[in-house]
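What the coordinates show
Spelled out, the chains give:
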Amino acid sequence: MTVFSSRDFKDHELVAFGSDAATGLKCIVAVHGTQLGPALGGCRMWDYGSDDEALADALRLSRGMTYKAAIAGLNVGGGKAVIMGDAGRDKSEDLLRAFGRFVDSLGGRYITAEDVGTTVADMDVIATQTPFVRGTSEGSGNPSPMTALGVYMAIRAAVEHGLGYAELSGVRVAVQGLGSVGYALCRHLADAGARLSVTDIDEGAVRRAAAEFGAHPVAPDDIYGTEADVFAPCALGAVLNDATIPLLRVRVVTGAANNQLAEGRHGAELKRRGILYTPDYVANAGGLIDVAHDGPGRDADAVRRMTEGIYGTVKRILARAEAEDAATSAVADRIAEERIAGNGVAGNRISGRADAELAA
Ligand code: NAD
C-alpha cells in the first residue's frame, strides 16, 4: 500500500493508521486540511475489500469534508476516519473505546462523528475516551434529519433554477436509497406535494415509502432510467458514471450521497447532456452544520437557519456556473478553494456571513 503516490492523495496534512490487537481495531484517520479549523468528519465502519480501498476512501472522503465545510461557511477543516470491518459483525464497545483512545491520541487535530456503519450510541461510547467527538446523544445527536432538510432545500433551489418551478407540487423526484436521509427527504418532498419514485435494496423500506408517501416503487437497477424531473441519489457514491449517465431521464440531479461523480469529468458530462447537477457536498452539508455546532451554547434554530441557507448557496453556484458556462461541480470547487485560500475570512461559524460572502 502506498500513501503519497496514491492517486487519491491530495496533499493531506495527516494520515494516521491505528490498530489494537485485543479488539481487532484497524482504522485510518485522514486529515485533509485544517486551514479553516480542526478537522471534523464522520467515522465510517465498512468491510473494505483491501487496505488500499480503505485508504482511498479515507483520503477521498476527508478531502470532500474540507470542501463541504468551506462552502457551508463553517470554520472547521476536513477529516474522516474509517474502521475496517463489518459493522454488524465486528463492532464492539471495546473496539469503539480503542478507536476513541486513538482519536484522543491525535490531540484534537481530528474530531470524529457518526457516519455509515456508526451510530449516535457509538459516539457515546467513543466519548468515554475522548472529548474529540460530536453528535452524541447528549449533544446534537443524529445528523441525518438536518442532512435531509439541506438536501430538500437544495432540490428546491435546483428545481427553481433549472425548471423554473418555485414550488415542488407535482414535481417528479426519483429517490435512490431510503435510509436515514433518503426516508426523511421523502417526507419533506411528499409534504411539498412532489410525486415520488423510490428504490432501495431493502424491500421493506420501499414498501413503507409506498404506503406512507404514495411513492411508486422501482427496482434498484431501474432507478437510473426512471423518467422524472429530479434524480436524488441517497445511497452510494460513484453512481454518476459512464454506465449510468446515458440512462438518466431527468433534468436535475440533487441528492445526499457523498462523492456521487465517479470522476471529476462526469460533472462536465452531465452539463453536456443538459442535466443540472448540484454538487453533493453542497447539498448534503446539513449534517456537518449540525455536528459542527454541537457543544455548550448550541442554538438549534440557528443551525436550522444555516441549513436552510443551502437553498441560497445552491442558487448562487448554479447561477455562477451558468454565467461562466462551467460545470457546477467545478464552480463549487473553485468557491470552496477561494474561501480556504482566504483562510476563514467569513469568520463567524453561525451568522451566515459565509452566505453573504458567496453572494459577493
Ligand atoms: P443509510 O445507510 O441509512 O441509508 C442508505 C440506504 O441506501 C439504505 O437503506 C440501503 O439499503 C440503501 N442502498 C444501498 N445500496 C443500494 C442500492 N444499490 N440501491 C438502492 N439503495 C441502496 O445512510 P444515510 O445516512 O441515509 O446516508 C445516505 C447517503 O448520504 C450516504 O452516501 C452517506 O454517505 C450520505 N450522507 C449522509 C449524511 C447523514 O447525515 N447521514 C450526511 C452526508 C452524507
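All values reported here derive from a predicted model rather than from experimental measurement.

Quick look at the packing of aromatic side chains now. On inspection of all chains with the given rule, the structure shows 4 aromatic pairs. Between Tyr183 and Phe213, the ring centres sit 5.2 Å apart and the planes meet at 55 degrees, which makes this aromatic pair tilted. With Tyr183 in helix α6 (residues 180-191) and Phe213 in helix α7 (residues 203-213), the pair connects residues that are 30 residues apart, well separated along the chain. Looking at Tyr183, the relative accessible area reads 13%, which means it is buried. Taking the ring centre of Tyr183 as reference, the NZ or CZ of Arg208 above it sits at 5.9 Å.

Here the focus is the domain arrangement of the chain. A common way to state how big an interface is: give the accessible area lost once the parts meet. Its domain assignment divides the chain into domain 1 (14-126) and domain 2 (144-333). Taken together, the contact pairs 13 residues of domain 1 with 18 residues of domain 2. Across the domain 1 to domain 2 interface the summed buried area is about 1400 Å²; carbon plus sulfur atoms make up 70%. When the buried surface of domain 1 facing domain 2 is broken down by residue, Lys68, Ile71 and Leu74 rank first, second and third, together holding 42% of it. Across the domain 1-domain 2 interface, the total number found is 0 salt bridges. Taken together, domain 1 and domain 2 are joined by 2 residue pairs in polar contact (both at pLDDT 80 or more).

Below, the discussion takes up the nonpolar core. Membership of the largest hydrophobic core comes to 68 residues, with the highest contact counts inside it found for Val175, Leu189 and Leu196. Per-element accounting of this core gives the leading share, 12 residues, to helix α5 (residues 144-163). The residues that make up this core include at least three from each of domain 1 (14-126) and domain 2 (144-333). Ignoring sequence-local partners within four residues, the contact set of Leu196 consists of Val173, Val175, Cys186, Leu189, Ala190, Phe213, Ala215 and His216. Core analysis: the second largest hydrophobic core is formed by 23 residues, Leu25, Ala98, Tyr110 and Val133 among them.

On to the side chain of Thr130, then. Within the element layout of this structure, Thr130 appears in the loop between α4 (120-126) and α5. Only 2.8 Å separates the side chain of Thr130 from the side chain of Asp104, close enough to count as a polar contact.

Once that is clear, we can look at the packing of α5 against α6. Where α5 meets α6, the axes come as close as 8 Å, and the angle between the chain directions of the two elements is 50 degrees. Classed by the angle they form, the pair α5 and α6 counts as oblique. In terms of crossing hand, the pair formed by α5 and α6 is right-handed. Contact residues: Ser144, Thr147, Ala148, Leu149, Val151, Tyr152 and Ile155 in α5; Ser180, Val181, Ala184, Leu185, His188 and Leu189 in α6. When its residues are assigned to classes, the contact of α5 with α6 shows 9 nonpolar, 4 polar and no charged.

What follows concerns the sheet that holds strand β4 (residues 77-84). Pairing in this open sheet of 5 strands is mixed, and the strands run β1-β2-β4-β3-β5 from one edge to the other. Only two strands of the sheet have a single neighbouring strand rather than two, namely β1 (14-20) and β5 (110-114). Each strand axis lies, on average, 25 degrees off the axis of its neighbour in the sheet, ignoring direction. Direction of pairing for strand β3 (residues 39-46) relative to β5: parallel, over a ladder of 5 bridges. Among the inter-strand pairings, Gly41 is bridged to a residue of β5, identified as Thr112. In this fold helix α1 (residues 51-72) packs onto β1, β2 (25-33), β3 and β4, with an angle of close to 155 degrees to the strand it touches most, β4.

Reading the values: the criteria
Residues numbered from 1 in each chain as written. Predicted model: local features only at pLDDT ≥ 70, side-chain atom pairs only at ≥ 80, totals over all residues. Heavy atoms only, no water. Phe/Tyr/Trp six-rings, centres within 6.5 Å; stacked < 30°, edge-to-face > 60°. Helix = DSSP H or I, 4+ residues; strand = E, 2+ residues; numbered from the N terminus. Buried < 20%, exposed > 50% of the residue type's maximum accessible area, 1.4 Å probe, protein only. Lys NZ or Arg CZ within 6 Å of the ring centre and 35° of its normal. Domains from an automatic or database assignment. Contact = heavy atoms within 4.5 Å. Buried area = accessible area lost by both parts, 1.4 Å probe. Salt bridge = Lys/Arg side-chain N within 4 Å of Asp/Glu carboxyl O. Polar contact = N/O pair within 3.5 Å; in protein donor to acceptor, adjacent residues only side chain to side chain. Core = buried A, V, L, I, M, F, W, Y, C linked by side-chain atoms within 4.5 Å. Axes fitted to C-alpha atoms, helices over the stretch in contact; angles between N-to-C directions. Parallel < 35°, antiparallel > 145°, perpendicular 65-115°, else oblique. Left-handed = near helix turned anticlockwise from the far one by under 90°. Nonpolar A, V, L, I, M, F, W, Y, C, P; charged D, E, K, R; others polar. Pairing = 2+ DSSP bridges.

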